[in-house]
Amino acid sequence: MAKHIMSMDPGKAETEQLKKEYVTFMKGVISAPLNLPGTAYRKALQSRSTILKFIEKKMEERVKKLGGDENLEEDDLLGWALKHSNLSTEQILDLILSLLFAGHETSSVAITLAIYFLQGCPSAIQQLQEEHVEIARTKKQSEETELNWDDYKKMEFTQSVINETLRLGNVVRFLHRKALKDVRYKGYDIPRGWKVLPVIAAVHLDSNIFDQPQHFNPWRWQNNNARGSSICPSMITMGSSNYFMPFGGGPRLCAGSDLAKLEMAVFIHHLVLNFHWELADIDQAFAYPFVDFPKGLPIRVKHHTLI
Ligand code: HEM
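Residues numbered from 1 in each chain as written. Predicted model: local features only at pLDDT ≥ 70, side-chain atom pairs only at ≥ 80, totals over all residues. Heavy atoms only, no water.

### Looking at the domain arrangement of the protein
Interface size is commonly expressed as the accessible surface area that is lost when the partners come together.
Then, number 1: Per the domain assignment, the segments making up the protein are domain 1 (1-86) and domain 2 (103-303).
Then, number 2: Here domain 1 and domain 2 have C-alpha centroids that lie 28 Å from each other.
Then, number 3: Contacts between the two partners involve 5 residues from domain 1, matched on the other side by 5 residues from domain 2.
Then, number 4: Together domain 1 and domain 2 conceal approximately 570 Å² of surface at their shared face, both sides included; 86% is due to carbon and sulfur atoms.
Then, number 5: For domain 1, the biggest contributors to the area lost against domain 2 are M1, M26 and I30; these three give 80% of the whole.
Then, number 6: Connecting domain 1 to domain 2 are 0 salt bridges.
Then, number 7: For the pair domain 1 and domain 2, the number of links is 0 residue pairs in polar contact (both at pLDDT 80 or more).
Then, number 8: Per-class residue counts for the side of domain 1 that touches domain 2 are 5 nonpolar, no polar and no charged. (Domains from an automatic or database assignment. Contact = heavy atoms within 4.5 Å. Buried area = accessible area lost by both parts, 1.4 Å probe. Salt bridge = Lys/Arg side-chain N within 4 Å of Asp/Glu carboxyl O. Polar contact = N/O pair within 3.5 Å; in protein donor to acceptor, adjacent residues only side chain to side chain. Nonpolar A, V, L, I, M, F, W, Y, C, P; charged D, E, K, R; others polar.)

### Thoughts on the environment of A280
Then, number 1: Inspection of the secondary structure assignment puts A280 in the loop between β5 (275-279) and β6 (286-287).
Then, number 2: Note: C-alpha distance between A280 and G67 (213 residues apart in sequence) is 53 Å.
Then, number 3: Aside from chain neighbours lying at most four places away, what touches A280 is P298, I299 and R300. (Helix = DSSP H or I, 4+ residues; strand = E, 2+ residues; numbered from the N terminus.)

### Structural notes on the packing of helix α2 (residues 13-29) against helix α5 (residues 89-103)
Then, number 1: Where α2 contacts α5, the two axes come as close as 11 Å, and the packing angle between them is 75°. With respect to each other, α2 and α5 are oriented roughly perpendicular. Only L97, L100 and F101 of α5 make contact with α2, whose side of the interface consists of L18, Y22, F25, M26 and V29.
Then, number 2: Of the residues that constitute the contact of α2 with α5, the class distribution is 8 nonpolar, no polar and no charged. (Axes fitted to C-alpha atoms, helices over the stretch in contact; angles between N-to-C directions. Parallel < 35°, antiparallel > 145°, perpendicular 65-115°, else oblique.)

### Examining the nonpolar core
Then, number 1: Of all hydrophobic cores here, the largest spans 38 residues; its most connected members are L113, L118, L128, V161, L166, F216 and W277.
Then, number 2: At the level of secondary structure, the elements contributing two or more residues to this core comprise α6 (106-119), α7 (122-141), α9 (156-169) and α11 (257-274).
Then, number 3: Broken down by element, the residue count for this core peaks at 8 residues, all from α6.
Then, number 4: Those residues in contact with V161 that lie beyond four places of it in its chain are L118, L128, F216, P218 and I268.
Then, number 5: Formed by 19 residues, the second largest nonpolar core is a distinct cluster that contains M6, I51, L93 and L100. (Core = buried A, V, L, I, M, F, W, Y, C linked by side-chain atoms within 4.5 Å. Buried < 20%, exposed > 50% of the residue type's maximum accessible area, 1.4 Å probe, protein only.)

### Things to note about the packing of helix α4 (residues 77-84) against α5
Then, number 1: In the contact formed by α4 and α5, the axes pass within 11 Å of each other and the chain directions differ by 160°. Here α4 lies roughly antiparallel to α5, going by the angle between them. At the point where α4 passes α5, the crossing takes the right-handed sense. Of α5, the residues touching α4 (which contributes L77, L78, A81 and L82) are I92, L95, I96 and L99.
Then, number 2: Looking at the contact of α4 with α5 residue by residue, the class counts come to 8 nonpolar, no polar and no charged. (Left-handed = near helix turned anticlockwise from the far one by under 90°.)

Written as structure tokens, this is what we have:
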């Protein structure tokens, strides 16, 4: 993310420093708001201010660079925002901070969850392999190497795997909302101005909506609905259903939802075509509150070639 946003290379000292600040920031984002020495909240506030100063410094350096050369086009978001948008400095800072935050570890956790769920479901791996071998074979015949949009559109079963991973894995467990007016809901009064946290994980794991909700079952997303969900799959289009909202909904719908799904699909393509994997240690996902694997999900990987 830092590479695309501010051309910061992975592994470099300043990138690692930024990452460290982000980890501290994330730990305190959802914590008791006690601004006292030593609390996670206080540390997060300090890290947030360090990150903002860092981004501001990057902006100043870039403005200087751009000033010297009108034609200089840095291929990252910061360069684009400075050259082609009329956003204020404060807005650019906010944009970069939120994108770093929102894109940090969301896609990578989702991919880790897919690796985890799939190793327990060999028939899904087999069906994925069939789908991706077919795509890879067609590409080979036309002497193409890189995946393109048409290939992505052919990844139907992969989409079911992605949906099921997001439903069962619940990378983001709840949303943040505020009641703009007094609301009466199912006998409860929610006064204007109150914070409301819709827990999307509770919907995704509700047995009234999904059969055997704790079971990883990508086929529940298929049109023929062969292995059973009680919900009509055609209702579950991203962003338009109250039953499936891994990316939230409404005007605040995740801005990176399509990118995240694309990243997952490309990863799955290369994974199932080239590797066999198994867990190297017992590990499972926990949410405290961000989803993570306590041991980092160690796996043993063997290379294979299917095409
Ligand atoms: C599997 C990966 C991801 C999941 C599950 C996810 C989920 C979410 C959720 C639940 C929200 C809150 C939506 C709401 O309040 O209704 C959100 C917001 C957001 N996400 Fe993601 N996200 C993912 C990846 C990404 C990536 C890769 C990016 C950017 C590169 C991104 C950028 C954003 C932004 C900018 C917002 C704020 C949108 C707004 O408030 O207007 N997300 N995401």
